[in-house]
Amino acid sequence: MTDLSPPRGTGPLAKREARLAWGLLSPTLIAVALVVVLPLLAIFWISVKPVSLADLRPPEVVLREDLRGDAEAVGDEANIRYRLRNSSQEQPIGGVSFTDVIPEGLTVGTLDERCTLDGQALSCDLGDWEPGYRENLMIPVTIGQAYLDGGIEPGDSDAAVEGKASNVLTNSTFTFDNFARVFDGAEFWGVLGVTMFYTVFGTIGALLFGLFAALLLNKEFRGQGILRGLYLFPYVAPVIAVAFAWVLLFDPFSGSANALLVQMGVTSEAINFFGERPLALIMVTVFEIWRYFPLSFLFILARMQSIDTDMYEAADMDGASPFQQFWALSVPQLLGILSVLFLLRFIWTFNKFDDIFLLTGGNAGTRTLTVNVYEQAFAVSNIGAGAAVAVVIFCCLLLFSVFFFKFISQEEGL
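Every value quoted in this text rests on a predicted model; they were computed, and no experiment measured them. (Residues numbered from 1 in each chain as written. Predicted model: local features only at pLDDT ≥ 70, side-chain atom pairs only at ≥ 80, totals over all residues. Heavy atoms only, no water.)

Caption draft 1: Spatial organisation of a negative patch on the surface. On the surface, a cluster of negative charge is made up of Asp308, Asp310, Glu313, Asp316 and Asp318. When you line up the elements, glutamate 313 lands in helix H9 (residues 310–317). (Patch = residues over 30% accessible without salt bridge, like charges linked within 9 Å, V, L, I, M, F, W, Y side chains within 5 Å. Areas by Shrake-Rupley, 256 points an atom, 1.4 Å probe, with all protein chains shown as cover. Salt bridge = Lys/Arg side-chain N within 4 Å of Asp/Glu carboxyl O. Lys, Arg positive; Asp, Glu negative; His and termini not counted. Charge placed at Lys NZ, Arg CZ, Asp CG, Glu CD. Helix = DSSP H or I, 4+ residues; strand = E, 2+ residues; numbered from the N terminus.)

Caption draft 2: Spotlight on the sheet that holds strand S8 (residues 160–165). Spatially, 4 strands are ordered S5-S6-S3-S8 in an open sheet, and the strand pairing comes out antiparallel. At either margin of the open sheet sits one strand with a lone partner, and together these are strand S5 (115–118) and S8. Strand-to-strand twist in this sheet, taken as the mean axis angle between neighbours without regard to direction, amounts to 15 degrees. As paired elements, strand S3 (residues 93–101) and S8 share 5 bridges and run antiparallel to each other. For glycine 94, the partnering residue across the bridge sits in S8 and is lysine 164. (Pairing = 2+ DSSP bridges. Axes fitted to C-alpha atoms, helices over the stretch in contact; angles between N-to-C directions.)

Caption draft 3: Region of interest: the environment of tryptophan 129. Here tryptophan 129 lies in strand S6 (residues 121–129). Beyond its immediate chain neighbours, meaning those up to four positions away, tryptophan 129 contacts Val61, Leu84, Arg85, Asn86, Pro92, Ile93 and Val96. (Contact = heavy atoms within 4.5 Å.)

Caption draft 4: A look at helix H6 (residues 239–249). Taken together, the buried positions of H6 are Val239, Val242, Ala243 and Trp246. Buried residues in H6, looked at end-on, bunch into an arc of 100 degrees, giving them a common side. Next to the buried residues of H6 lie helix H8 (279–305) and helix H11 (354–359). (Buried < 20%, exposed > 50% of the residue type's maximum accessible area, 1.4 Å probe, protein only. Arc of directions from axis to C-beta.)

Caption draft 5: Quick look at the sheet that holds strand S7 (residues 134–143). Across the sheet, 4 strands lie side by side as S1-S2-S7-S4; this open sheet has antiparallel pairing. The open sheet has two edge strands with one neighbour each: strand S1 (61–69) and strand S4 (106–108). Sheet twist, expressed as the average angle between the axes of neighbouring strands with direction ignored, equals 35 degrees. Pairing analysis gives 9 bridges linking S1 to strand S2 (residues 77–86), with the strands arranged antiparallel. If you follow aspartate 66 over to S2, its bridge partner there is arginine 81.

Caption draft 6: Focus on the packing of aromatic side chains. Overall, the coordinates contain 29 aromatic pairs when judged by the stated rule. Between the aromatic rings of phenylalanine 346 and phenylalanine 350, the centroid separation amounts to 6.1 Å while the plane-to-plane angle is 25 degrees, which identifies the pairing as stacked. Of this pair, phenylalanine 346 and phenylalanine 350 both sit in helix H10 (residues 322–350), separated by 4 residues, roughly a single helical turn. Comparing phenylalanine 346 with phenylalanine 350 shows no difference in burial state: the two are buried. Put simply, the rings of Trp246, Phe250, Phe273, Phe274, Phe287 and Trp290 touch in pairs and so form one group of aromatic residues. When the ring centre of phenylalanine 174 is taken as reference, the NZ or CZ atom of lysine 49 above it lies at 4.5 Å. (Phe/Tyr/Trp six-rings, centres within 6.5 Å; stacked < 30°, edge-to-face > 60°. Lys NZ or Arg CZ within 6 Å of the ring centre and 35° of its normal.)

Caption draft 7: Inspection of the pattern of salt bridges at higher detail. Under the criterion given, the structure shown has 8 salt bridges. Residues glutamate 135 and arginine 114 are paired through a salt bridge, measuring 2.3 Å at the closest nitrogen-oxygen approach. Of this pair, glutamate 135 sits in strand S7 while arginine 114 sits in the loop between S4 and S5, placing them 21 residues apart in sequence. A salt bridge links glutamate 375 to arginine 367; its shortest N-O distance comes to 2.8 Å. We note that glutamate 375, like arginine 367, is buried. Via salt bridges that share partners, Asp112, Arg114 and Glu135 belong to a single interconnected network.

Caption draft 8: Local environment of a nonpolar patch on the surface. Where nonpolar side chains cluster on the molecular surface, the patch consists of Ile30, Val32, Leu34, Val35, Val36, Val37, Leu38 and Leu41 and spans about 720 Å² of accessible area. On the secondary structure map, leucine 34 appears in helix H1 (residues 12–47).

Caption draft 9: Just the state of the cysteines, in detail. Following the criterion strictly, the structure yields 1 disulfide and no others. Across a sulfur-sulfur distance of 2.0 Å, cysteine 115 and cysteine 124 are joined as a disulfide pair. The sign of the 110 degrees torsion about the S-S bond sets the cysteine 115-cysteine 124 disulfide as right-handed. With relative accessibility at 7%, the residue cysteine 115 sits in the buried group. Sulfur of cysteine 395: no disulfide; nearest cysteine sulfur belongs to cysteine 396 and is 7.1 Å away. (Disulfide = S-S within 2.5 Å.)

See below:
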């Protein structure tokens, strides 16, 4: 018997449900586009533009107006001074003009040939300006009684300024010099190597310490709750507080760690933990492990407590050692959460900036890609180069995510 009913999912009801579903999802999709996609597209756009900090504000005509000369009695002569300049030192401005209203009681004398007066309305066409151009325009006036009685100064009325300038953020000028600067020489590969060391060892270390802490607290004992709270302290404490605590603790001149090492005879002189290569990189990696292992600890402990204890009882009756139980029973059950934690911690650590910046400022061989973004964009004032480094970070994390979901997650059954 032939089935004449429409295919599943193609009927009128299914189409209405699909439209309703998309309608309900549209606010979320719009929010994601505004929060994630648009800034990402902006970074890609800026990475191919020759943008510096000074270019974030488009070129404009800056105008200041004041009255120069005596203006105390009727008949006094003075000048309305217009001080104008091009705010950009690199971009010209074309078709510069401005209009202003001369206060009542001021009689205008001989005008500049570029200006016209219609009643009290002044208009001036100043032509095209080169970058950094400045000009003082003087309009001679004679003081009248109405001006003295009115108390209105020339600067009280805002002059309307017009001019056309090319904005480097929106024009059609594109360049790959930013990426050439990023990949120029061995500096980038050294920074990438530091980033990979910091990320890989920081991520693996946080997972291993979190796993070890979860194994310790997986059994009931007195004081377990207090110990769990202490374990969470590095993660919940403000990063600026714990970072400066570490800097003070390992200070080569007044740090307690150096004083203890010298008194114990471990070293004959103070060690500059955060100022020497490669020790500084090791220290910031240890700080990363110490600060973020509680997150792994929470997830792993929650997963361990959900494992059926009957398997461990059966294995114990069969004579399996604790290590054998852990390796054969616990590890397969934890592979899923460990894989997810590795993915998240890898991405977060790769993007980490504040910890390293607070501890070393990126000095002594601890300059990562995120620190490089800050230095290019703000220390060197090259926003385009900073955006180019951010694009490189995005591409590295995208490749890692593709590799993870294509190979590792399939092996773990995710």
